[in-house]
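# Secondary and tertiary structure notes
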Amino acid sequence: AHEYFHNAGQDCSTKCAADAKCHGYSVNTHNYCLLWMQEDLKGGGAAWSGANCYVKGLAAEPTPAPTAEATTAPTFTLQDEPGICITSSGHVPALEAFHNAGQD
């Protein structure tokens, strides 16, 4: 499954990092954001106006103080194949859209 945010491309990685169910994201040239809520992602999907696939992983080092507890911030890896994220079997995850969701 994925979530769609209209005109929220600049916040896409932050939205995905904050959501434990998010496993990657795609942003296109129109500033539209797709959060991918399914594991086993790779690039190579539809072009979707110049979008690429970024897959979530964990940072190698925990975040140091001043946080109360050390946290491991996620990192995102740009996939080699252009296009939106797809599953490793080549399918697009199911659609869940939020039009005009803006900055939230």
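Just above sits the structure.
Residues numbered from 1 in each chain as written. Predicted model: local features only at pLDDT ≥ 70, side-chain atom pairs only at ≥ 80, totals over all residues. Heavy atoms only, no water.

### So, the packing of aromatic side chains
Applying the stated criterion across every chain yields a total of two aromatic pairs. For the pair Tyr 25 and Tyr 54, a centre-to-centre distance of 4.8 Å together with 10 degrees between the ring planes defines the contact as stacked. Here the residue Tyr 25 occupies a position in strand S2 (residues 24–27), and Tyr 54 occupies one in strand S5 (residues 54–58), the gap between them amounting to 29 residues. Judged by its relative accessible area of 23%, Tyr 54 falls in the partly exposed class. Taking 5.1 Å as the distance between ring centres and 75 degrees as the angle between the ring planes, the aromatic pair formed by Tyr 25 and Phe 76 counts as edge-to-face. A residue pair is termed long-range when its members are at least 10 positions apart, and Tyr 25 in strand S2 and Phe 76 in strand S6 (residues 74–78) qualify at 51 residues. Take Tyr 25: its relative accessible area is 10%, and that puts it in the buried class. Members of the aromatic cluster, connected to one another through ring pairs, are Tyr 25, Tyr 54 and Phe 76. (Phe/Tyr/Trp six-rings, centres within 6.5 Å; stacked < 30°, edge-to-face > 60°. Helix = DSSP H or I, 4+ residues; strand = E, 2+ residues; numbered from the N terminus. Buried < 20%, exposed > 50% of the residue type's maximum accessible area, 1.4 Å probe, protein only.)

### As for the side chain of Thr 87
Here Thr 87 lies in strand S7 (residues 86–87). Since its relative accessible area comes to 5%, Thr 87 is described here as buried. At 3.0 Å, the side chain of Thr 87 and the side chain of Ser 89 are in polar contact. Apart from residues lying up to four places away in sequence, Thr 87 is in contact with Gln 38, Asp 40, Lys 42 and Pro 93. (Polar contact = N/O pair within 3.5 Å; in protein donor to acceptor, adjacent residues only side chain to side chain. Contact = heavy atoms within 4.5 Å.)

### Considerations on unusual backbone geometry
A positive phi is found at Asn 31, a non-glycine position, where the angle reads about 75 degrees. By secondary structure assignment, the location of Asn 31 is in the loop between S2 and strand S3 (33–36). Residue classification places Asn 31 among the partly exposed residues on the basis of a relative accessible area of 27%. Non-glycine residue Trp 48 carries a positive phi angle of around 40 degrees. Examined against the element boundaries, Trp 48 turns out to sit in the loop between strand S4 (41–42) and S5. On the basis of relative accessible area, Trp 48 is assigned to the partly exposed category, the value being 27%.

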